[in-house]
Amino acid sequence: MKIKTILDEFKSIDKLKITETKALANPPMIIAYVLESVLILLRKEPSFSQARRLLADPNLIETLQNFDVKSVDKLTLKKLKIYTTMDSYKYESVAELSQPIACLLKWVKEIEKMAELVHNGQLK
């Protein structure tokens, strides 16, 4: 799936749904894990307070759109795998809880796939 398609889907989601997620005091663990994985890719502290700031950022779509997949080093990929290999780290599971976060999960998985291709010399 292409990054642009994923981000177009994210943009089409009602802002209220994003605000609801941001307002959660104790989000379900899988929601927290997806947000932490986005923060790891963005090289920010993987915490829910930082995730709230991320969701409130008016430039979030632009940040994700302009993300340089070549900036993902092997250590970051290794950290990311801790999340993306979890049984619960699935689009369907997350979409039941939050559509905006499910879109972010798809973005993370696509970036991970592309970064692996870069590291294997299959994508330049």
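All chains use their own residue numbering, which begins from 1 and follows the written sequence. pLDDT decides what is reported in this predicted model: residues at 70 or higher carry local features, side-chain atom pairs at 80 or more are listed and counted, and totals for whole chains, interfaces and linings draw on all residues regardless. As a rule here, side-chain values cover all heavy atoms of the structure and leave hydrogens and water aside.

A. Structural context of the overall build of the chain. In terms of helices and strands, the chain carries 8 helices and 0 strands. Ordered by position from the N terminus, the helices and strands of the chain form the series α-α-α-α-α-α-α-α. Throughout, exposure labels follow a simple rule: accessible area from a 1.4 Å probe, protein chains only, divided by the maximum for the residue type, with under 20% read as buried, over 50% as exposed, and the rest as partly exposed. When the 124 residues of the chain are sorted by exposure, 43% land in the buried category. A sequence separation of at least 24 residues applies to 77% of the contacts in the chain between residues at least 6 apart. Roughly 7000 Å² of accessible area belongs to the chain as shown, and the carbon and sulfur atoms make up 53% of that amount. For the purposes of this entry, the term helix denotes a DSSP run of H or I that reaches at least four residues, the term strand denotes a run of E that reaches at least two, and both are numbered from the N terminus. Contacts: residue pairs with any heavy atoms within 4.5 Å of one another. Accessible areas in this description were obtained via Shrake-Rupley with a 1.4 Å probe; residue shielding takes into account the shown protein chains only.

B. Expanded view of the environment of tyrosine 91. Tracing the sequence through the fold places tyrosine 91 in helix 7 (residues 91–95). Remark: the alpha-carbon pair of tyrosine 91 and isoleucine 101, spanning 10 residues in sequence, is separated by 9.0 Å.

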